[in-house]
Amino acid sequence: MATHVGLLQETGLSAADIAEISGVAVTLVRRLLRPTGKQPARIHRATAEAILGIPLTSVFRRDRLLPGLVGAERAAASLQVLAERGWPTSFLAAELVTSTHTLAAIRSRERRRITLDLDRKIQQLAAVLFANRPTDHGIAVHRSRRARTAALQRAPLVRPRDSDMARQREEVS
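**What about the overall build of the protein?**
Point 1. Scanning the protein for helices and strands turns up ten helices and two strands.
Point 2. When burial is assessed residue by residue, the protein has 37% of its 173 residues classed as buried.
Point 3. Sequence-distant contacts, at least 24 apart, represent 76% of the contacts inside the protein between residues at least 6 apart.

Next comes the structure, spelled out in structure tokens:
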């Protein structure tokens, strides 16, 4: 049972995802993810069937609409590039139906993981906005210039350093 939950987690599902799919309380799923000695001694049959009923192959679908978390690196890079092209954070936040504080935290890499849904929204918006100019969307030139200047000033702070990139390549090799 705990092995199956661990395998589900390795495929990318969070404890909350497993709980939502199976209908089991997230606290019980988290208990099953504990080290062997600290796991519950008994598990109700209905609970076991609900969790074991989640097939490992179904979680690989890329179109699943689960509240799982993903790494924020790609979203952070997209937000930084949009800002460097003159897209104000307030405009992006309004389009993404989120706060400017959230976007600033993602862009500055204060948040390491974000929801799958927000990541998809950021990538879709970036794809649309990369092909346009801020003035095409009614953004004043001075606002676009201010966003671009601020983004270029913070670029060395938020971009991964070359030494970090080299270390990541070595780890992958």
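Back to the write-up after that little detour.
**Considering the environment of L56**
Point 1. Assignment of secondary structure puts L56 in the loop between helix 4 (45–52) and strand 1 (69–71).
Point 2. The spatial distance from the C-alpha of L56 to the C-alpha of H4 is 8.5 Å, given a sequence separation of 52 residues.
Point 3. With sequence-adjacent residues up to four places away left out, L56 is seen in contact with H4, L7 and L8.

**Topic: the packing of helix 6 (residues 89–96) against helix 7 (residues 100–107)**
Point 1. For the pair helix 6 and helix 7, the least separation of the axes is 8 Å and the interaxial angle reads 110°. Accordingly, the angle class assigned to the pair helix 6 and helix 7 is roughly perpendicular. In contact with T89, S90, L92, A93 and L96 of helix 6, helix 7 contributes T100, L103 and R107.
Point 2. The class makeup of the residues in the contact of helix 6 with helix 7 is four nonpolar, three polar and one charged.

**Details of the confidence of the model for the protein**
As a note on interpretation, predicted positions should not be read in detail where pLDDT is low.
Point 1. For the protein, per-residue confidence averages 81 on the pLDDT scale, and 82% of positions sit at 70 or higher.
Point 2. Element-level pLDDT for the protein is lowest in helix 10 (residues 162–172), with a mean of 45, against a maximum mean of 95 in helix 6.
Point 3. Every residue in residues 161–173 scores below 50 in pLDDT, and together they form one contact with partners more than four places removed in sequence or on other chains.

**Here we look at the packing of helix 5 (residues 73–84) against helix 7**
To describe two helices that pack against each other, one gives the angle between their axes and the distance between the axes.
Point 1. In the contact formed by helix 5 and helix 7, the axes pass within 8 Å of each other and the chain directions differ by 110°. With respect to their mutual orientation, helix 5 and helix 7 come out roughly perpendicular. Seen from helix 5, the contacting residues are A75, A76, L79 and Q80; seen from helix 7, they are L103, I106 and R107.
Point 2. Looking at the contact of helix 5 with helix 7, its residues break down into five nonpolar, one polar and one charged.

**Some details on the nonpolar core**
Point 1. Grouped together as the largest cluster of nonpolar side chains are 19 residues, with contacts concentrated most on W87, L92, L103, I106, I122 and L129.
Point 2. Mapped onto this core, the elements with two or more residues apiece are helix 5, helix 6, helix 7 and helix 8 (116–130).
Point 3. At five residues, the largest contribution of residues to this core is made by helix 8.
Point 4. With twelve residues, the next largest nonpolar core counts V5, L13, I18 and L32 among its residues.

Criteria and thresholds
Residues numbered from 1 in each chain as written. Predicted model: local features only at pLDDT ≥ 70, side-chain atom pairs only at ≥ 80, totals over all residues. Heavy atoms only, no water. Helix = DSSP H or I, 4+ residues; strand = E, 2+ residues; numbered from the N terminus. Buried < 20%, exposed > 50% of the residue type's maximum accessible area, 1.4 Å probe, protein only. Contact = heavy atoms within 4.5 Å. Axes fitted to C-alpha atoms, helices over the stretch in contact; angles between N-to-C directions. Parallel < 35°, antiparallel > 145°, perpendicular 65-115°, else oblique. Nonpolar A, V, L, I, M, F, W, Y, C, P; charged D, E, K, R; others polar. pLDDT = per-residue confidence, 0-100. Core = buried A, V, L, I, M, F, W, Y, C linked by side-chain atoms within 4.5 Å.

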